[in-house]
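The residues making up each chain are set out below.
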Amino acid sequence: MTTDRSWTYEEFQQGATPLPEPNLGWNTYGKGIERVGVDGRPEPIEVPEPAANQLLVRVDAVGLCFSDVKLIRLGGEHPKLYGRDLSTEPTRLGHETSVTVIAVGDDLATDYQPGDRLAIQPDIHVDGRSTAYGYTIPGGLIQYHLIGPEVLDADDGAYVIPVTGDLGYASAALSEPWACVEAAYTQRRRLSPLDGGTMWIHGRLDDDRSYDFDGTVSVAGRIVLTNVSDAIATAVGAAAPERATLVRTSLAGPEAFAALADEHADGTGFDDIVLLDPRLAAEVSAAARLIAFRGTMAMVGETELDTPADIDFGRLHYDYTAYIGTRGPRIADAYGEERNRCDLRPGGVAVFVGAAGPMGQMHIQRALESEVGPRAIVAVDPDADRMETLLDKLGPLAERTGRTLIPINPNGDRQTRDLVDELTDGRGADDVVVSVPVAPIMADAGTLLAPDGMLVFFAGIANGTEGPLDMSRVYLDNVQYTGTSGSSIDDQAAVLDKANAGTLTPALNLAAIGGIEAGRDGVQAVLEGRFAGKVVIFPQVAGVPLTGLEELKSTAPEVA
């Protein structure tokens, strides 16, 4: 529908555009799939008149995601719900959503028109606090609903992106998970010391090496020195700004680190940590637990740690903790985007763990469609049926782009490490991307890396979940351990631009569809891993059960 004016709500009610009666939606009332909807069905939800600062939108398509399953499992304990009692204040799933504007409030008439198509960016922040659509803000598993300032006037303005051209409803909705994939290869970490922040420098009293602190301590507001020699303390003082407060003390061991953070970093962690000549993994592990949100830990040394260190995988994913390093002596060399890359190595060898799941397929598709992507892609997944689907969908794309796509079952006779060694003459993989939220698998993936390799934790795992990583490699080999969560408006806009330009096909891994009544079954299917690809619900369609595309080819070939 297109028009050059806004319908009044009265015209809308009188049939200017059809409104379903009742308007069906899937509210979520607590933990467990049984708390989605009422008696296993969607319920009628009133569509009130839009206020002056609201839009009435028709929900065209909703992609379902494992993140929806997390909310179902956790209920009000989900971090984005802040302890909300869903039994009295329900929310609604559906953060991968495309909509069409139906009616426009008076205050928004210059910015929106009926017929405008929009994709919603769900990672919304208000006063710095996450109020995500599909979580805190009820999402898109409904036929019609209102959006207002909670979406249209938040910290970054309006969290919607215009959908132009002939892009399909499913492709527009799937621009959101695709934006998360794109965001995984953008620099989300802070890679320079925080201006005015609190920096902790920890060393060894017998370290007589001369370090260069220029460009590292020059912006700090507070510098805490522990277990450093007089020469190092003097060098830090000479490089520190006049405004900085310097504190020097001694620590008996890693068991004293937490108390130091309580005293000097308000218990929230240090903005920047510098470890000089680290030797003990226990100290690295204890220090890593004290990095602030989006903080950095720079390691400077030439000696291997005694063992792998225990690192919080959840914080790598959700808190963007940055582990950087250099052999030294110039500490500033550890920082910056030039040394700390974020995208796949052009012409390299990339390994994708959990490759045949919906998100793993998307990562591989991006690697294949990239003009400067890896030359060889190793797809690791134990599910033979899913792997067959991946090869059917992406094998032809690999052939067209001249890339090598190699599947491997990690439970088979051939080991992933042996295959990687064969492809790289024993050097290791340039990049490893993990879409499986299982700590032992995530830790094992880190052992595949070549010098200057990059490990990306795409799958979310709870903060506090630790696993062993060889942190010596960060400063000896410039290995990157990174993680990513969510996306931004710019990420999603870039995906839509690529889709319109024909360089990305967002719906290539679509696996199943259904109408509004299939909403809960769609979530259950994601929970069970029933389909090797994305599940999309079309709320405007009634009476269509959840149907795999393979089945659809025989039951409704024109639709397929």
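Preceding this paragraph is the structure being described.
Every value quoted in this text rests on a predicted model; they were computed, and no experiment measured them.

A. Local environment of the overall build of the protein chain. On a plain count of helices and strands, the protein chain comes out with 17 helices and 28 strands. Relative to a compact globule of 560 residues, whose C-alpha radius of gyration would be 24 Å, the protein chain shows 26 Å and is just as compact. Each principal axis of the C-alpha distribution contributes one length, and for the protein chain these read about 80 × 55 × 40 Å. Within the protein chain, the proportion of its 560 residues that are buried is 58%.

B. Just the environment of proline 329, in detail. Mapped onto the elements of the fold, proline 329 is located in the loop between β18 (322–326) and β19 (349–353). Accessibility expressed as a relative area gives 37% for proline 329, which makes it partly exposed. Spatially, the C-alpha atoms of proline 329 and phenylalanine 213 are 8.6 Å apart, while their sequence positions differ by 116 residues. Ignoring anything within four residues of it in the chain, the contact list for proline 329 reads Arg209, Ser210, Tyr211 and Asp212.

C. Spatial organisation of the nonpolar core. Grouped together as the largest cluster of nonpolar side chains are 56 residues, with contacts concentrated most on Trp200, Met297, Val432 and Met471. In terms of nonpolar packing, the next biggest core, distinct from the first, is built from 55 residues, Ile45, Leu167, Ala499 and Leu546 among them.

D. Focus on the layout of surface pockets. A volume near 500 Å³ is recorded for the second largest pocket. With 6 residues, the single largest contributor to the lining of the second largest pocket is helix α11 (residues 384–401). Residues that form the lining of the second largest pocket fall into these classes: 8 nonpolar, 3 polar and 10 charged.

E. How the structure looks around the pairing of strand β26 (residues 510–514). With 5 of 5 residues buried, β26 is to be regarded as a mostly interior element. Sheet analysis places β26 next to strand β27 (residues 534–537), joined by 4 bridges and oriented parallel. Note that in β27 the partner of isoleucine 513 across the bridge is valine 536. The β-α-β motif built from β26, the intervening helix α16 (residues 519–528) and the parallel element β27 has right-handed crossover chirality.

F. Expanded view of the pairing of β27. Across the two faces of β27 the burial is the same, with Lys534 and Val536 and Val535 and Ile537 all buried. Pairing of strand β4 (residues 55–64) with β27 involves 3 bridges; the strand directions are antiparallel. Counted as the bridge partner of valine 62 is isoleucine 537 from β27.

G. A look at the packing of helix α10 (residues 358–369) against α11. At a minimum axis distance of 10 Å, the contact between α10 and α11 shows a crossing angle of 10°. Judged by the angle between their axes, α10 and α11 are roughly parallel. Two secondary-structure elements touch here, α10 through Pro358, Gln361, Ile364, Gln365, Leu368 and Glu369 and α11 through Arg386, Leu390, Lys393, Leu394, Leu397, Ala398 and Thr401. Tallied by class, residues from the contact of α10 with α11 come to 7 nonpolar, 3 polar and 3 charged.

H. Quick look at the sheet that holds strand β23 (residues 449–457). Sheet architecture is open: 6 strands sit in the order β21-β20-β19-β22-β23-β25, paired in parallel fashion. At either end of the open sheet lies a strand with only one pairing partner, and these are β21 (404–408) and β25 (480–483). Direction aside, the axes of adjacent strands within the sheet are offset by 15° on average. Where β19 lies against strand β22 (residues 429–434), 4 bridges are found, and the strand directions are parallel. Bridging from a neighbouring strand, valine 353 pairs with valine 434 of β22. Helix-sheet contacts for α10 involve β19, β20 (376–380), β21 and β22, and the interaxial angle to β20 is about 170°.

I. Spotlight on unusual backbone geometry. The peptide bond linking glycine 328 to proline 329 adopts the cis configuration, its omega dihedral lying at 5°. With a phi close to 50°, aspartate 277 is a non-glycine residue in the positive phi region. Its place among the elements puts aspartate 277 in the loop between β15 (270–276) and α8 (281–288). According to the relative accessible area criterion, aspartate 277 is buried, its value standing at 9%. Phi angles above zero are rare outside glycine, and aspartate 425 is one such case at about 55°. Tracing the backbone through its elements, the reader meets aspartate 425 in the loop between α12 (416–424) and β22. Residue class for aspartate 425 comes out exposed when judged on its relative accessible area of 78%.

J. The arrangement of the packing of aromatic side chains in detail. Applying the stated criterion across every chain yields a total of 5 aromatic pairs. Their ring planes at 55° and their centres at 6.3 Å tell us that tyrosine 211 and phenylalanine 213 sit as a pair that is tilted. We note that tyrosine 211, like phenylalanine 213, is buried. Centre to centre, the rings of phenylalanine 293 and tyrosine 320 are 6.3 Å apart; their planes meet at 75°, and the pair counts as edge-to-face. Taken together, the positions of phenylalanine 293 in strand β16 (residues 291–300) and tyrosine 320 in the loop between α9 (313–318) and β18 put the pair 27 residues apart, joining distant regions of the chain. Since its relative accessible area comes to 6%, tyrosine 320 is described here as buried. Here the aromatic residues Trp200, Phe257 and Phe270 are joined through ring pairs into a cluster of three or more.

The rules behind these values
- Residues numbered from 1 in each chain as written.
- Predicted model: local features only at pLDDT ≥ 70, side-chain atom pairs only at ≥ 80, totals over all residues.
- Heavy atoms only, no water.
- Helix = DSSP H or I, 4+ residues; strand = E, 2+ residues; numbered from the N terminus.
- Rg over C-alpha atoms; globule rule 2.2 N^0.38 Å.
- Buried < 20%, exposed > 50% of the residue type's maximum accessible area, 1.4 Å probe, protein only.
- Contact = heavy atoms within 4.5 Å.
- Core = buried A, V, L, I, M, F, W, Y, C linked by side-chain atoms within 4.5 Å.
- 1 Å grid on protein atoms, 1.4 Å probe; cavity = no way out; pocket = protein on both sides within 12 Å on 5 of 7 lines; lining within 4 Å.
- Points joined across faces, edges and corners; volume = space filled by probe spheres on them.
- Nonpolar A, V, L, I, M, F, W, Y, C, P; charged D, E, K, R; others polar.
- Pairing = 2+ DSSP bridges.
- Right-handed = clockwise from strand over helix to strand, strands pointing away.
- Axes fitted to C-alpha atoms, helices over the stretch in contact; angles between N-to-C directions.
- Parallel < 35°, antiparallel > 145°, perpendicular 65-115°, else oblique.
- Phe/Tyr/Trp six-rings, centres within 6.5 Å; stacked < 30°, edge-to-face > 60°.

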